Amino acid sequence: MKNFEEKKANIIILGIIIIALSVIIIPLVIINNIEQNKQNFPEYENFDIDKNSIKDINSASYKEIRNQLEEDYYFNKEMLISNYDYQTYTGENIKDLLWNFLFSYELENKRYFASLDERSGKFCLSKKNIVTAFKELYNIDVTEQLKLFPGYFDYAYESGKNYCFYYGTVGKDYDNEIKVAIENMTMDKKVITANIYVYEYYENGTETEKSNISLLKRYIDTQSYNSANNVVINYLKGKVTHKKVSFKINNNGKFFKYQILSSKNID
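This write-up is about the structure you can find in this document. (Residues numbered from 1 in each chain as written. Predicted model: local features only at pLDDT ≥ 70, side-chain atom pairs only at ≥ 80, totals over all residues. Heavy atoms only, no water.)

1. Structural notes on the overall build of the chain
Scanning the chain from terminus to terminus reveals 8 helices and 9 strands. Sorting the 267 residues of the chain into buried and exposed places 42% on the buried side. Summed over all atoms, the accessible surface of the chain reaches about 15,500 Å², with 51% contributed by carbon and sulfur. (Helix = DSSP H or I, 4+ residues; strand = E, 2+ residues; numbered from the N terminus. Buried < 20%, exposed > 50% of the residue type's maximum accessible area, 1.4 Å probe, protein only. Areas by Shrake-Rupley, 256 points an atom, 1.4 Å probe, with all protein chains shown as cover.)

2. As for the packing of aromatic side chains
Throughout the structure, instances matching the rule amount to 33 aromatic pairs. An angle of 65° between the planes, with centres 6.4 Å apart, marks the rings of Y84 and Y89 as edge-to-face. You can call Y84 buried: its relative accessible area is 6%. Assessed through its relative accessible area of 17%, Y89 is described here as buried. Ring centres of Y105 and F255 lie 6.5 Å apart, and the angle between their planes is 50°; this geometry places the pair in the tilted category. With Y105 in the loop between helix 4 (94-104) and strand 2 (115-117) and F255 in the loop between strand 8 (239-249) and strand 9 (258-265), this pair connects stretches of sequence that are 150 residues apart. The residue whose ring lies beneath K77 is F103, and the NZ or CZ to ring-centre distance is 4.4 Å. A cation sits over an aromatic face here: K257 above F41, 4.6 Å from the ring centre. (Phe/Tyr/Trp six-rings, centres within 6.5 Å; stacked < 30°, edge-to-face > 60°. Lys NZ or Arg CZ within 6 Å of the ring centre and 35° of its normal.)

These values are about where atoms sit, not about what they do.
This is the structure we're talking about:
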């Protein structure tokens, strides 16, 4: 009987110790993950979104989420992706996906680099991490397409167990500003489908241009899309693309915070 009581007491003490450690350790892990996330993705803010939060287009939550997406640096960059649908993907447009992968990758996220050479504008990733990253970004398996990457020698080459990418080349390819306007959006389970306008224009810093950019922002905020389109095309001499996109938000993503499932030009 005495042994039983001693065992019972030891179990209770052990349980108390485990609970105490959990109270200390779990918050520390959460804080560390938040800090690591902020370090790897300095421009990103976590999203708290569900179907009900965007069900009513006139609700405060809908407007807040719309504005947050429109202002999100990473979301804007990923919206450049050309016509694409993960369900019908065959590998034909792998060059476009590779370009968008490099353009959208956050270079502060050095955690998974096999190596980084900032002077030559190049980073390397293991094949395993590349497959994982493409799955995060596009929801596709590029295992079979990896061997094609060196064919696009301006962007990639194979190096032992890794592939190396010239992110600097992509930076030289494209130096426009990007703004996104969300016309409407709905959510089914975790998939958000939205009609959006993507505005691309070159910024040279003149006072007239600054005034036009300020006007563009105002039109986006008030959802005056025809006026916004007019500013970009006729005054900023830029490009407007109207498209329908489906995507998921992944706050815990290691490589990307948005997964693009499809992107189709509307007109």
